Each structure stands twice: as structure tokens, then as C-alpha cells.
Amino acid sequence: MGARILVVEDEEALTTLLRYNLESDGYDVETVARGDDADTRMKERLPDLVVLDWMLPGLSGIELCRRLRARSDTKQLPIIMLTARGEESERVRGLATGADDYIVKPFSVPELLARVKGLLRRAAPERLATVLTYGDLELDRDKRRVARSGRPIDLGPTEYRLLEFFLEHPGRVFSREQLLDGVWGRDIYIDERTVDVHIGRLRKLLNPGREQDPIRTVRGAGYALDDRFAKAE
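Rules used in this analysis
Residues numbered from 1 in each chain as written. Predicted model: local features only at pLDDT ≥ 70, side-chain atom pairs only at ≥ 80, totals over all residues. Heavy atoms only, no water. Domains from an automatic or database assignment. Contact = heavy atoms within 4.5 Å. Buried area = accessible area lost by both parts, 1.4 Å probe. Salt bridge = Lys/Arg side-chain N within 4 Å of Asp/Glu carboxyl O. Helix = DSSP H or I, 4+ residues; strand = E, 2+ residues; numbered from the N terminus. Buried < 20%, exposed > 50% of the residue type's maximum accessible area, 1.4 Å probe, protein only. Phe/Tyr/Trp six-rings, centres within 6.5 Å; stacked < 30°, edge-to-face > 60°. Lys NZ or Arg CZ within 6 Å of the ring centre and 35° of its normal. Pairing = 2+ DSSP bridges. Axes fitted to C-alpha atoms, helices over the stretch in contact; angles between N-to-C directions.

1. Section: the domain arrangement of the chain
The figure often quoted for interface size is the accessible area lost as the parts come together. The assigned domain composition of the chain is domain 1 (2-121) and domain 2 (129-223). Computed over C-alpha atoms, the centres of domain 1 and domain 2 are 30 Å apart. Every contact between the two is made by four residues of domain 1 and, on the other side, four residues of domain 2. Carbon and sulfur atoms make up 29% of the surface buried where domain 1 meets domain 2, a total of about 400 Å² over both sides. There are one salt bridge connecting domain 1 and domain 2. The salt bridge involving Asp-181 is made with Arg-45; its shortest N-O contact spans 3.7 Å.

Structure representation (C-alpha cells):
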């Protein structure tokens, strides 16, 4: 799974250009044309980075940026501001509001892609890493291989995506709904109990003997990679 990028832009032609180039670089891209819709969307599902236009209907990019920085769960969310305002005072205003970077339209697409990659490398290196590790677990994205203590583990495609998702967010608790959203996607309807079935399969494949279970069930909340598992290793 590539890093998730939310593009908040009301110019349709520019939105199409950004989606095409970001998806070509391997990112999972979602687009929203209104600031208020983007605010609502990010309360449901957080991206790894936001490309945010300054002038938007519903809620301005500047105000949305302020709101994101005021929330604990989005305080560190990487934000790149897009604007036609090139004056130094406006750039300072954008950065002072909390944007991590500021690009003036018209801009070079390769430059934007480089800035996206640079921000993600600093803020969410696990989303760009080729190999993800946790305790004695290792997942190699290039080779599509999983191993535990050097022993190969043959996972089905859904179990692979589940493990990859957990490894990208070690220790964080996810509800069934969040796992469905993050692993299966919002456009597919699947019963939440399906998550339990696949978690059970993943556990059996990761723990064929009496090894420690790396997945923790949080009663009434969901599932997470167990912090004690990493510390024990």
C-alpha cells in the first residue's frame, strides 16, 4: 500500500493532473473539492499527507490548516499548501498557519513530487520503507515476502495487506471499521465480522507453534500490534 495523499483542490484540471502523477508514483490518492468536505473526511480517515489549495469553497485552505493543527491527531500531519499568491508576506502567512511547505502556481510537477516524497520521508518513513520490521517479523514489499525469525511465512493477499497495515502503524489500535477502510477500501461493502476471520487466519499463520502472538485484541476497541511483542524481541 502506497502512502495515502488527500488532494484538496477545486480546479478540476489541476486535480486530474495531480491525481495522475501522484498515482503514477505509487500513492493512494483521494481528491476533495471543498474545504468543509475535506475537514469532515479527515475526521473519518486520516491521510499520510495533504496537498491543500489556499482558496477553496466551503472552508478556506488557511482555516482548514488552522483546524488541523489544533487537533491532536492531525497536529503533525504533513501539509503542502498550493496557492497563486506568490508574495513573500503570503508565503509567511501560509507557513505560520502550520503548512509544512508552500508551492506557488503554476508549479513544476516533478518539484511537487519531490517535496511530497521529502515530507513523507521525514514524517512517515514507514510508508516509504521497502522492508518493515517489528520484533522478529519482517515484511519485504519488493519481494512480497514475510518472515518470522528468518522463517518464511506464506500469507494470502488479504492477510498480507492486514499485516502490512499493522506494521505501518505499530502499537496503534484500529477498530474493525478502520481496518475495513484501510485494508479493503471504502468503496467495498464487507461485513465487519470479516475482519475477525482474517485476523484469526493471520494469527494462525504467524504463530504455528507456541510463539508469542504479535496481535493484541483490545476489548471493545479493535486490534493492534502488541507493544510487548517488540520489546520482548
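The rest of the description comes next.
2. Section: the environment of Glu-138
Structurally, the position occupied by Glu-138 is in strand β7 (residues 137-140). Judged by relative accessible area, which is 38%, Glu-138 ranks as partly exposed. When the C-alpha atoms of Glu-138 and Pro-152 are compared, they prove to be 9.4 Å apart, with 14 residues separating the residues in sequence. The residues touching Glu-138, leaving out its near neighbours within four places in the chain, are Val-131, Leu-132, Thr-133, Arg-145, Val-146 and Ala-147.

3. As for the packing of aromatic side chains
Two aromatic rings, taken as a pair, are described by how far apart their centres are and by the angle between their planes. If you walk through the whole model with that rule in mind, you get two aromatic pairs. Seen from their ring centres, Trp-54 and Tyr-102 are 6.2 Å apart, and the 85° between their planes marks the pair as edge-to-face. One end of the pair, Trp-54, is in the loop between β3 (49-53) and α3 (61-70); the other, Tyr-102, is in strand β5 (residues 101-104), and 48 residues separate them in sequence. Both residues of the pair, Trp-54 and Tyr-102, count as buried. With a centroid separation of 4.7 Å and 55° between ring planes, the pair formed by Phe-165 and Phe-174 is classed as tilted. Judged by relative accessible area, which is 3%, Phe-165 ranks as buried. Owing to a relative accessible area of 3%, Phe-174 belongs among the buried residues under this scheme. Directly above the ring of Tyr-160 sits Arg-144, whose terminal nitrogen or CZ lies 3.9 Å from the centroid.

4. Structural notes on the sheet that holds strand β1 (residues 4-8)
In spatial order, the strands read β2-β1-β3-β4-β5; together these five strands make up an open sheet with parallel pairing. Looking at which strands have only one partner, the edges of the open sheet turn out to be β2 (28-32) and β5. Each adjacent strand pair in this sheet contributes to an overall mean axis angle of 20°, direction not counted. Sitting on the sheet, α3 touches β3 and β4 (79-83), and the angle it makes with β4 is about 170°.

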